[in-house]
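Below, each chain spelled out in residue letters.
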Amino acid sequence: MMTWNPYSAIWWGGEMYLEASIIGLRTMVQFSVKKLLLHKRWVIVAMLTLLVAGVMGYVATVSDADISTASNMMNLLMLTFLLPVLALIYGASMIRNEIDDRSIIQVITSPLDRRVAYLGYYISLAVVLSILLSIVTAVGGICFFLMNGWSDGAAELITAFIAVQVIGAIAYSALFLVMGVALKQPIYLGLVYVFVWEGYVGSLPGAIGEYTIRHQLQVIASGMLHDVNIASTGGDGGMAAIILVVLSIVFLALGASLFRDKEVM
Amino acid sequence: MTIIVQAQNISKWYGKVIGLNNFSITVESGITGIVGPNGAGKSTFFKLLTGNIKVNAGQLNVLGQQPWRNPAQLSQIGFCPDYDFLPGELNGREYLRFVGGLHGMNGPKLKGRIDEVLNVVGMTKDAERQMGGYSKGMRQRLKIAGSLLHDPRLLLLDEPLTGTDPVVRKELIDLIRDLNKMHGHDVIVSSHVLHEIERMTHMVALIYKGRAVASGDILEIRHLMSDHPHNILIEGMGMVDLAKVLVTKAFTVSVELNPDRRRLMVKVDQPEQFFDHIPLLVEESGCQLERVESLDDDLESVFRYLVGW
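About the thresholds
Residues numbered from 1 in each chain as written. Chains lettered and ligands numbered in written order. Predicted model: local features only at pLDDT ≥ 70, side-chain atom pairs only at ≥ 80, totals over all residues. Helix = DSSP H or I, 4+ residues; strand = E, 2+ residues; numbered from the N terminus. Buried ≥ 20, exposed ≤ 12 C-beta atoms within 10 Å, placed from the backbone. Contact = placed C-beta atoms within 7 Å. Nonpolar A, V, L, I, M, F, W, Y, C, P; charged D, E, K, R; others polar. Pairing = 2+ DSSP bridges. Axes fitted to C-alpha atoms, helices over the stretch in contact; angles between N-to-C directions. Core = buried A, V, L, I, M, F, W, Y, C linked by C-beta atoms within 7 Å. pLDDT = per-residue confidence, 0-100. Domains from an automatic or database assignment. Expected span 1.5 Å × (residues − 1). Arc of directions from axis to C-beta.

Overview of the overall build of chain A
Then step 1. Within chain A, the regular secondary structure consists of nine helices and two strands.
Then step 2. Listing each helix as α and each strand as β along chain A from the N terminus yields β-β-α-α-α-α-α-α-α-α-α.
Then step 3. Counting only C-alpha atoms and orienting by the principal axes, one finds that chain A spans roughly 75 × 35 × 30 Å.
Then step 4. The buried share of chain A, reckoned over its 265 residues, is 43%.
Then step 5. Expressed as a percentage of contacts within chain A between residues at least 6 apart in sequence, the contacts between residues at least 24 apart total 78%.

Quick look at the structure:
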């Protein structure tokens, strides 16, 4: 029989209170979100936002530019480039950096189950990426339509892309976070995935090109918009969403398991 | 006496590097010092005790349980590592809130406990400052506060005195003693300086190249090495005057003054006498000490002397 006291004793007869796990998870999310948002990488994000705003504003002034142009540009800039690259920069380094600078010691020497802690990292990453990407997407879209004239469907297009970015953040976070736990240099495999697998293999004709997160996101985006087809992508948006959810859960479970069994030197 | 840690023939290797080699030790309640030079395996031992790594061979029990994949046990263990990991952007109180949250604590109880441990480590008035501006001694105190927050039964302090000046060192030694005497924590504390450990406890284990060389009462161990000369590095102001005083002392074998006149290497054949004489030496010479340290090489030579290698 274990003892109980108000501070150390979140244990009773060997079972951890659910409440203590929830407090631990909430703490992980609060502090990790703050850490990610305050990290100096926000300068890169701010510069990328300005770049996107400039490019979108410029393209909007080219003759014949319309809502399809906006859609294509948002697909190219946001979905194809910014989403995976930001997810890679933030996700692959999140836990890996803490292991390397050993600040992770506080988490792994607490009684919080490491799988719960991993979930905390994941939620924080997905939330922060969703916030940042939503801002960039909104800024880019608004710049385009301010320069091109606010047309019917503009708000719908921006909203759809924000929604897809959030779904993408959830999927890419799961993928890149697990790379950060499994590999010492996750950035290299991440770059291979983004630029070789998604960029090259994903553009090949036939079924092989569909085995990417980007393709599934484009299918979802196309399904959300009535008059716009993203990157000539057809398919069932609902099925694509299910595929991404299942993928995310698989990566999340794998990452949590690897993190629990990881020896931290 | 209650057995806190029982290690039987444990080994841990990292690839081709051996961290601990057939290491056995029994730690009873109270304060126990783990002494060994850098690279002896002290930190590996602590990582095994906290379940950060798993043993490759042997049996390890901490508070009656195996630590690997056993997060539940960490509610009874507080760990203060030897390296600096405190996030500079947080203030002391925010950091302790983070630690408390990870231990399932929140609300007024957590706030009250934070106030309590800040008081214990003497950091109450600096708790609202960002930790990036803390001195080494303040950071050590806060790390100890973090390890104390959940009121653990066992405290593991890995080299808590490293890099601190003599004044902070004394304060931390007093604090560690109080944590056992006044607050009832069992403490395992490591150091590569035997004299520091001696000021906290008489129960020590000597570890060298991953093996337990000797363990037991420090008086018996010190008796074995009392005639072995030690090299001691001293830094501060007025080193020339200190050197003049040192050469008159019977325990001094040699004194070597650095060209910058701020560093002094003194070899003594009775280290305990030297350390006992430090206040007198300061008074006689009028010097100001910033650092007094037994060198690793010296300790290694002591260990070689002890094991006959």
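Looking at the interface of chain A and chain B
Then step 1. Taken together, the 32 residues of chain A in the interface contact 29 residues of chain B.
Then step 2. The set of elements that each furnish at least two residues to the side of chain A that touches chain B consists of α1 (18-38) and α4 (105-108) of chain A.
Then step 3. For the side of chain A that touches chain B, the per-class residue count stands at 18 nonpolar, nine polar and five charged.

Quick notes on the sheet that holds strand β2 (residues 17-28) of chain B
All names here are of chain B.
Then step 1. The strand order across the open sheet formed by three strands is β2-β1-β4, and the pairing between neighbours is antiparallel. Edge positions in the sheet fall to β2 and β4 (57-62), since each of these pairs with one other strand and no more. Between one strand and the next, the sheet's axes are offset by a mean angle of 20 degrees, whatever the strand orientation.
Then step 2. When strand β1 (residues 3-14) meets β4, the two strands line up antiparallel, connected through five bridges. Paired with Q8 across the strands is Q59, a residue of β4.
Then step 3. Sheet strands touched by helix α1 (residues 42-49): β1, β2 and β4. Its angle to β1, the strand with the most contacts, is close to 115 degrees.

Here we look at the nonpolar core
Then step 1. A:L129, A:L177, B:A145 and B:L156 are the most contacted members of the largest nonpolar core, which totals 137 residues.
Then step 2. In terms of residue count, helix α6 (residues 154-182) of chain A provides more of this core than any other element does, 18 residues in total.
Then step 3. Ignoring sequence-local partners within four residues, the contact set of A:L177 consists of A:G91, A:M94, A:I95, A:Y121, A:Y122, A:L125 and A:G255.
Then step 4. In this structure, B:I232, B:M239, B:A243 and B:V292 belong to the second largest nonpolar core, which totals 14 residues.

A look at the confidence of the model for chain A
Detailed reading of predicted coordinates is not advised where the pLDDT is low.
Residues and elements named next belong to chain A.
Then step 1. Scored by pLDDT, chain A comes out at a mean of 88, with 91% of its residues at no less than 70.
Then step 2. Per-residue pLDDT, averaged within each element of chain A, yields its smallest value for strand β1 (residues 11-12) (44) and its largest for helix α5 (residues 114-148) (96).
Then step 3. Low pLDDT (under 50) marks residues 1-14, which in the prediction has 31 contacts with non-local residues, meaning those over four places away or in another chain.

Details of unusual backbone geometry
All names here are of chain B.
Then step 1. Not every positive phi belongs to a glycine, and N9 is a case in point at roughly 50 degrees.
Then step 2. You can see N9 is positioned in strand β1.
Then step 3. Look at N9 and you get partly exposed, because 14 C-beta atoms sit within 10 Å.
Then step 4. Positive phi is not limited to glycine here, since D151 has a value of about 55 degrees.

Focus on the domain arrangement of chain B
Many analyses report the size of an interface as the accessible area lost when the parts associate.
Then step 1. Each assigned domain of chain B is listed here: domain 1 (3-223) and domain 2 (226-307).
Then step 2. Summarising the inter-unit geometry, the C-alpha centres of domain 1 of chain B and domain 2 of chain B are found 28 Å apart.

Focus on helix α5 (residues 166-181) of chain B
All names here are of chain B.
Then step 1. Taking 1.5 Å as the rise per residue, α5 with 16 residues should run 22 Å; its terminal C-alpha atoms sit 22 Å apart, in good agreement.
Then step 2. Along α5, the residues classified as buried are R169, L172, I176 and L179. Each buried residue of α5 sits inside an arc of 85 degrees when the element is viewed along its axis, so together they form one side. Exposed residues on α5 whose side chains face more than 90 degrees from its buried face are V167, D174, D178 and K181.
Then step 3. Summarising the contacts, the buried residues of α5 are in contact with α4 (136-148), β6 (154-157), β7 (186-191) and α6 (194-198).

Let's talk about the pairing of strand β3 (residues 31-35) of chain B
Residue and element names in this part refer to chain B.
Then step 1. When you tally the buried positions in β3, you get five out of five residues, the bulk of the element.
Then step 2. Where burial is concerned, the two faces of β3 agree: the one with I31, G33 and V35 and the one with T32 and I34 are both buried.
Then step 3. Taken together, the five bridges between β3 and β7 define a ladder with parallel strand orientation. Opposite G33, over in β7, you have V189 as the bridge partner.
Then step 4. With three bridges joining them, β3 and strand β8 (residues 203-208) adopt parallel strand pairing. Directly across from G33, in β8, lies its bridge partner V204.

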